[in-house]
Amino acid sequence: RVSQFPSGIPLDEPITPSPHFPLLAAVFEGGLVFVALAAGWALGQPPLQTLHGSWLAAGWGCAAATGPLAVLWLCLRWKWRPIERLVEVVNRLVLPLFEHARPAELAIIALLAGLGEEALFRGVVQAVTADWIGGAAGVWAGLAVASLLFGLVHLITPAYGMFAALMGLYLGLLWLWTGNLLAPIVAHAIYDFLALAYLRRVRGSLAAD
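Rules behind the numbers
Counting restarts for each chain: residues are numbered from 1 in the order of the written sequence. Residue-level local features of this predicted model are given only where pLDDT is at least 70; pairs of side-chain atoms are given and counted only at 80 or more, and the full residue set underlies all totals for whole chains, interfaces and linings. The basis for every side-chain value is the complete set of non-hydrogen atoms in the structure, without hydrogens or water. The secondary structure listing takes helices from DSSP runs of H or I that are at least 4 residues long and strands from runs of E that are at least 2 residues long, numbered from the N terminus. Per-residue accessibility, obtained with a 1.4 Å probe over protein chains only, is compared with the maximum for each type, and a residue is labelled buried under 20%, exposed over 50%, and partly exposed between these values. Surface accessibility follows the Shrake-Rupley procedure with a 1.4 Å probe radius. Residue values consider only the protein chains on display as shielding. Here a patch means residues that are over 30% exposed by relative accessible area and free of salt bridges, tied together within 9 Å if like-charged and within 5 Å if nonpolar (Val, Leu, Ile, Met, Phe, Trp, Tyr). Any carboxyl oxygen of Asp or Glu that lies within 4 Å of a side-chain nitrogen of Lys or Arg is treated as forming a salt bridge with it. Note on geometry: axes are lines fitted to C-alpha atoms, helical ones only across the stretch in contact, with angles between N-to-C directions running from 0 to 180 degrees. Contacts are residue-level and defined by heavy atoms, with any inter-residue pair within 4.5 Å sufficient. Each residue is assigned to one of three groups, with Ala, Val, Leu, Ile, Met, Phe, Trp, Tyr, Cys and Pro labelled nonpolar, Asp, Glu, Lys and Arg labelled charged, and all others, Gly among them, labelled polar. Side-chain rings of Phe, Tyr and Trp, where Trp is taken by its six-membered ring, are said to pair if the distance between their centres is within 6.5 Å; with planes under 30 degrees apart they count as stacked, over 60 as edge-to-face, and otherwise as tilted. Counted as over-ring charges are cases with an Arg CZ or a Lys NZ within 6 Å of the ring centre that also lie within 35 degrees of the ring normal. The span you would expect from a helix comes to 1.5 Å times its residue count less one. At every residue, the bend is computed as the angle between two fitted axes, covering the seven residues ending there and the seven beginning there respectively. For the purposes of this section, nonpolar cores are sets of buried Ala, Val, Leu, Ile, Met, Phe, Trp, Tyr and Cys residues that join through side-chain atoms within 4.5 Å.

J.: For this particular structure, what's the right way to read the overall build of the protein chain?
T.: The helix and strand tally for the protein chain stands at 8 helices and 0 strands. With 209 residues in all, the protein chain has 45% of them scored as buried. With an accessible surface of roughly 11,100 Å², the protein chain has 72% of that area assigned to carbon and sulfur atoms.

Here is the structure:
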């Protein structure tokens, strides 16, 4: 039986990566910064108003990246069908897209993803929801809404969407705790870069498993 992606694309169908995909990915992720700025302007919520240069916040971001990376390492060794399905999808449909990307290109994509996605989901969605509702209830509602939407836009598989939602929750809590958007940006960017670099390195063993 041929495995099927949720959209109906066979998992056994080979992906032909474009040598231009790293550029397209960088443009897309960078474009999210402008989407966040436009949405923030329309909603009266500047998305980067809590982004401040701080070695302490950057340090917390670096430290916070170790948590999701540890979860990724465990997932690669967890013999549970939804997790194995997730690894299979990433191995067959996601990693081939970055086959031609050099380390520097991966780093740029990861940095832009951290900046763009955190500005949009934390700096706009979470902040606006919290302000609309107000009080402690608004803080938690903003965290929940932003995390749920973060999971939905990453809904490659149910397990992937759940992991992304939990990642959004984690990054949202980090932002609330530090009060500086730099911390979740750094954590997000480091995780994306190291996860992609590591998964590309072990892709052959993932296929063998």
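From this point, things continue past the structure.
J.: What should I look at first to understand a nonpolar patch on the surface in this one?
T.: Together, Val139, Trp140, Met162, Leu166, Leu169, Leu173 and Leu176 line one region of the surface with nonpolar side chains, adding up to about 650 Å² of accessible area. Contributions of two or more residues to the nonpolar patch are made by helix H5 (135-153) and helix H6 (158-178). No other element matches the 5 residues that H6 contributes to the nonpolar patch.

J.: What should I look at first to understand the environment of Val35 in this one?
T.: Within the secondary structure layout, Val35 lies in helix H1 (residues 21-43). Separated by 85 residues in sequence, Val35 and Leu120 have C-alpha atoms that sit 7.3 Å apart.

J.: What is the right way to look at the environment of Phe163 in this model?
T.: Locating Phe163 in the fold gives a position in helix H6. Phe163 gets classed as partly exposed once you look at its relative accessible area, which sits at 22%. Counting along the chain gives 92 residues from Phe163 to Val71, while the straight-line C-alpha distance between them is 9.5 Å.

J.: Mind showing me how you'd approach the packing of H6 against helix H7 (residues 182-201) here?
T.: If you want to describe how two helices pack, look at the angle between their axes and the distance between the axes. Between H6 and H7, the least distance of the axes is 8 Å, while the angle of their chain directions is 145°. Contact residues: Phe163, Met167, Leu171, Leu174, Trp175 and Thr178 in H6; Ala183, Pro184, Ala187, His188 and Tyr191 in H7. When grouped by side-chain class, the residues that make up the contact of H6 with H7 number 9 nonpolar, 2 polar and no charged.

J.: Which parts of the structure should I look at to understand the packing of aromatic side chains?
T.: The description of an aromatic ring pair uses the distance of the two centres, along with the angle that the planes make with each other. Counting across every chain of the model gives 4 aromatic pairs. Ring geometry for Phe121 and Phe150: centres 5.1 Å apart, planes at 85°, overall edge-to-face. Taken together, the residues Phe121 in helix H4 (residues 103-133) and Phe150 in helix H5 connect sequence positions 29 residues apart. For the residue pair Phe121 and Phe150, the accessibility class agrees, reading buried in each case. Stacked on the ring of Phe150, the Lys or Arg Arg122 has its end atom at 4.9 Å from the ring centre.

J.: Explain H1 here, please?
T.: Side chains of residues three or four places apart in an α-helix project in the same direction, reflecting 3.6 residues per turn. Here H1 is 23 residues long and its end C-alpha atoms lie 32 Å apart, about the 33 Å a rise of 1.5 Å per residue gives. For H1, the full list of buried residues reads Pro22, Ala25, Ala26, Glu29, Gly30, Leu32, Val33, Ala36 and Gly40. Residues of H1 that are buried sit in contact with H4. Two residues or fewer after H1 comes Gly44, characterised by a positive phi angle close to 70°.

J.: What should I look at first to understand H4 in this one?
T.: If you check H4, its first and last C-alpha atoms are 43 Å apart, about what 31 residues at 1.5 Å a residue would give, namely 45 Å. Of all the bends in H4, the greatest measures close to 30° and is centred on Glu118. Backbone geometry just downstream of H4 places Gly134 in the positive-phi region, at approximately 80°.

J.: Honestly, the nonpolar core in this entry has me stumped. Any pointers?
T.: Nonpolar side chains in soluble globular proteins tend to end up buried together. Core analysis: the biggest nonpolar cluster contains 37 residues, and Val90 and Phe98 have the highest contact counts within it. Looking at this core, the elements that each hand over two or more residues are H1, helix H2 (55-75), helix H3 (81-94), H4, H6 and H7. Here this core gets 8 residues from one element, more than from any other, and that element is H7. With sequence-adjacent residues up to four places away left out, Val90 is seen in contact with Leu95, Pro96, Tyr160 and Leu199.

J.: I would appreciate a short explanation of the pattern of salt bridges in the present structure.
T.: Here the idea is simple: oppositely charged side chains can pair when their charged atoms come close. Taken as a whole, this structure holds 2 salt bridges when the rule is applied. The partner of Glu105 in a salt bridge is Arg102, with the nearest N and O atoms 3.3 Å apart. For Glu105, a relative accessible area of 23% translates into the label partly exposed. Its relative accessible area of 56% is what places Arg102 among the exposed residues.

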